[in-house]
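# A look at the structure
Spelled out from the first residue to the last, the chains are:
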Amino acid sequence: MNTSSGIPPAPERRFASDNNAAVHPLILESLERANRGHAVAYGDDPWTASAEEAFNELFGQQVSTLMVWNGTGANVLALATLLSPAGAVVCSDASHINVDETGAPERILGAKLIDVPTTQGKITPDQVLNLQHLIGVVHHVQPSVLSLTQSTEWGTMYTPNEIGALCDAAHSMGMKVHLDGARIANATAALGGTQQALKSFTVDAGVDVISFGGAKNGMMYGEAVIYLDPELARSAPYVRKQVTQLPSKVRYISAQFSALLTDDLWIKNARHANEMATLLYGQTVGLAGVTLDGAPEVNSIFPVLPAAHIEALRDWSFFYDWDSHHQQVRWMTAWDTELADIDQFVAGIGHFVG
Ligand SMILES: Cc1ncc(COP(=O)(O)O)c(C=O)c1O
């Protein structure tokens, strides 16, 4: 406690990232239940069968689900199975695959990423259609996959219609559409939290393959790659192994997803994270030294702070830079953020920034 020095106590749960959060107790309980006896390795176990069935029910159709270790691996596997020879992945300049995967897609896929400039992480159909000139020219990579992120790295969202229009544009050029859904739960919650909300920007919009997030929404680790058209998954089991994303003890990822999809836990967790971001925004938007744009759509806000105060605030309660050239940082809430965390963080902002 630093109260004697006038420094307020730092929040127990910080605002660095949703993947800094603890594991939800119901996920741990499910892991404990799965942790009995032996099970066939590599996914041929009852926990995986039941998680696969839960995903079929969630999407209201037969899908192909492959559990993987992490989000980068989910993206690499999805893209690897969709890419055609000499194909390229079209993505936003702010996308995780472009910025935060240490070049894993380029290295493992051996393919070019065509990163199109976006202001808040959202690609437009025109940007896709403008790549038409590459098609059929032997000297150019061939646009093969469009990768969208929902919700985006900028905490923005595509409307279902926007994703529909992007899928139409991509499909009209013979491309497939991948959705990086590391935060698909936050987007679904923000769009109403129903099964229909999920379907509206995935199945109905024409998305082909989804990286479905778990670790940012209360799981310990693990993500799932969902092929909405199981035909597209034909090579996926082999490619998953090749790209080192086949865990032997798949049951421990599957058991977590089963718990996450039971009684809408995935929506409850994400809705809570989103609501906490709205509260954080409400309590910080007027503070001296904090410049914020519009209210959050999901679970992150991106304030600009005075350069002189960022480090002291960060040393007190860690968070990430977003655009260090413009003193912009990112504050992100999680399934376990509490009101007290927000109150204490706001007190700290008053102390270090105000
Ligand atoms: C949009 C997005 N996609 C994918 C990932 C992949 O995460 P990881 O490989 O750390 O599990 C992240 C993690 O921050 C992310 O924000």
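In this text, all values refer to a predicted model and were calculated from it rather than measured experimentally. (Residues numbered from 1 in each chain as written. Predicted model: local features only at pLDDT ≥ 70, side-chain atom pairs only at ≥ 80, totals over all residues. Heavy atoms only, no water.)

### Observations regarding the overall build of the protein
The helix and strand inventory of the protein stands at 14 helices and 10 strands. Against the globule reference of 20 Å for 354 residues, the protein gives a C-alpha radius of gyration of 21 Å, in line with a compact fold. Referenced to the eigenvectors of the C-alpha coordinate spread, the extents of the protein come out at roughly 65 × 55 × 35 Å. Burial status across the protein gives 54% buried among its 354 residues. Considering only intrachain contacts with a sequence separation of at least 6, the fraction spanning at least 24 residues in the protein is 75%. Summed over its atoms, the accessible surface of the protein is roughly 15100 Å², and 52% of this surface lies on carbon and sulfur atoms. (Helix = DSSP H or I, 4+ residues; strand = E, 2+ residues; numbered from the N terminus. Rg over C-alpha atoms; globule rule 2.2 N^0.38 Å. Buried < 20%, exposed > 50% of the residue type's maximum accessible area, 1.4 Å probe, protein only. Contact = heavy atoms within 4.5 Å. Areas by Shrake-Rupley, 256 points an atom, 1.4 Å probe, with all protein chains shown as cover.)

### Details of the environment of Trp154
Inspection of the secondary structure assignment puts Trp154 in the loop between strand 4 (142-149) and helix 7 (160-172). Given a relative accessible area of 19%, Trp154 falls into the buried group. A C-alpha to C-alpha distance of 9.7 Å links Trp154 and Glu297, two positions 143 residues apart in sequence. Among all residues touching Trp154, those that are not within four sequence positions of it are Ala94, Thr119, Gln120, Gly121, Phe302, Trp322 and Gln328.

### With respect to the pattern of salt bridges
Under the counting rule described, the total for this entry stands at nine salt bridges. Taking the shortest distance from any N to any O, the salt bridge between Arg36 and Glu32 comes out at 3.1 Å. Classification of Arg36 by relative accessible area gives partly exposed; the value is 48%. In this structure, a network of salt bridges that share partners links the residues Glu12, Arg13, Glu338 and Asp341. (Salt bridge = Lys/Arg side-chain N within 4 Å of Asp/Glu carboxyl O.)

### Re the sheet that holds strand 10 (residues 328-332)
Pairing is antiparallel in the open sheet, where three strands are placed in the order 8-10-9. A single partner strand is all that each edge strand has here, and the edge strands are strand 8 (300-301) and strand 9 (320-323). One ladder, built from two bridges, connects strand 8 with strand 10; its direction is antiparallel. Following the sheet pairing, Ile301 is matched in strand 10 by Trp331. (Pairing = 2+ DSSP bridges.)

### Looking at the sheet that holds strand 7 (residues 223-227)
Reading across from one edge, 1-7-6-5-4-2-3 is the order of the seven strands in this open sheet, with mixed pairing throughout. Two strands close off the open sheet at either side, each with one partner strand: strand 1 (64-68) and strand 3 (112-116). Here the average twist between neighbouring strands, direction ignored, is 20°. Inspection of the sheet shows strand 1 paired to strand 7 by five bridges, in the antiparallel sense. Across the sheet, Thr65 pairs through a bridge with Ile226, a residue of strand 7. Against the sheet, helix 3 (residues 71-82) engages strand 1, strand 2 (87-92), strand 4, strand 5 (176-181), strand 6 (209-212) and strand 7, with an angle of about 20° to strand 7. Contacts between helix 7 and the sheet are confined to strand 4 and strand 5, with strand 5 contributing the most and set at about 145° to the helix. (Axes fitted to C-alpha atoms, helices over the stretch in contact; angles between N-to-C directions.)

### Topic: helix 2 (residues 46-59)
Between the first and last C-alpha of helix 2 there are 20 Å, a value that for 14 residues agrees with the 20 Å anticipated at 1.5 Å per step. Where helix 2 is concerned, the buried positions are Thr48, Ala51, Ala54, Phe55, Asn56, Leu58 and Phe59. Sitting at the head of helix 2, Asp45 places a side-chain oxygen 2.9 Å from the backbone nitrogen of Trp47. Looking one or two places after helix 2, you find Gly60, whose phi comes out positive at around 65°. (Expected span 1.5 Å × (residues − 1). Polar contact = N/O pair within 3.5 Å; in protein donor to acceptor, adjacent residues only side chain to side chain.)

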